[in-house]
Amino acid sequence: MGIGMRYGIGLASCALLLSACTTMEPGEPAVAASVRPSSGSQTSGTVKFTQVLSRVRVDARFSLLTPGLHGIHVHEKGDCSAPDAMSAGGHFNPFLKKHGAPDSANSHSGDLGNLTADASGNATLTLWLDGISVSTGKDGVIGRAVIVHAGPDDLKTDPTGNSGGRVACGVIGP
């Protein structure tokens, strides 16, 4: 095979690769909540929701929590105006299920389980969820709120998880 033939095949291959790159889908839809203190706490953080096919990846990072476990949930209303964050309403539960662990078949769509804060008050959480979407639809999280609670979620007491007061709240938005 001559140099011209190899050069032509090389150019054709490059052109094919470039055209494939220009037809790729844009990034997966994602939204975040900037979570701020409530109820006199100093807790703050961020929670990002990324749609990946039919599932949603949740990435949370918090600081200034008391060490130990803290319940975390998506709540039905995107309203953090009350000093105690009660304006966010109850857990997001569009399919009228019982409270439970996020990996349970029978749990609220907003049940995210627990964060574990270290001795310095820092916590991270990554999980994958079914039953929610990065949208404004019936199962959508956009326009709702993320709440971090003072205590651990027992993953069974309906409807709240018995996780105590609301120490941080943030509205989920684009």
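Residues numbered from 1 in each chain as written. Predicted model: local features only at pLDDT ≥ 70, side-chain atom pairs only at ≥ 80, totals over all residues. Heavy atoms only, no water.

**Examining the overall build of the protein**
Across its full length, the protein carries one helix and eight strands. Of the regular secondary structure in the protein, the N- to C-terminal order runs α-β-β-β-β-β-β-β-β. Burial analysis of the protein (174 residues in total) assigns 40% to the buried set. A separation of at least 24 residues holds for 60% of the contacts in the protein among residues at least 6 apart in sequence. Only carbon and sulfur atoms are counted for the fraction: they give 60% of the accessible area of the protein, which is about 9,300 Å². (Helix = DSSP H or I, 4+ residues; strand = E, 2+ residues; numbered from the N terminus. Buried < 20%, exposed > 50% of the residue type's maximum accessible area, 1.4 Å probe, protein only. Contact = heavy atoms within 4.5 Å. Areas by Shrake-Rupley, 256 points an atom, 1.4 Å probe, with all protein chains shown as cover.)

**As for the sheet that holds strand 1 (residues 30–37)**
The strand order across the open sheet formed by eight strands is 5-4-7-8-1-2-3-6, and the pairing between neighbours is antiparallel. Each edge of the open sheet carries a strand with a single partner, namely strand 5 (111–117) and strand 6 (123–129). The mean inter-strand angle of the sheet, taken between neighbouring strand axes irrespective of direction, is 20°. Bridge count between strand 1 and strand 2 (residues 44–52): six bridges; the pairing is antiparallel. Looking at the pairing, A33 lines up with V47 of strand 2. (Pairing = 2+ DSSP bridges. Axes fitted to C-alpha atoms, helices over the stretch in contact; angles between N-to-C directions.)

**With respect to the state of the cysteines**
Within the structure shown, the criterion is met by one disulfide. Disulfide pairing places C80 opposite C169 at an S-S distance of 1.9 Å. The S-S bond linking C80 to C169 shows a torsion near -70°; that makes this disulfide left-handed. Of this pair, C80 sits in the loop between strand 4 (68–75) and strand 5 while C169 sits in strand 8 (residues 166–173); the two residues are 89 residues apart in sequence, bridging distant segments of the chain. Using a relative accessible area of 28% as the deciding quantity, one classes C80 as partly exposed. (Disulfide = S-S within 2.5 Å.)

**Thoughts on the side chain of D111**
By the secondary structure assignment, D111 is in strand 5. There is a polar contact of 3.2 Å between the side chain of D111 and the side chain of H91. There is a polar contact of 3.0 Å between the side chain of D111 and the side chain of H99. With near-sequence residues (within four places) excluded, D111 lies in contact with I72, H73, H91, K98, H99, G100 and P102. (Polar contact = N/O pair within 3.5 Å; in protein donor to acceptor, adjacent residues only side chain to side chain.)

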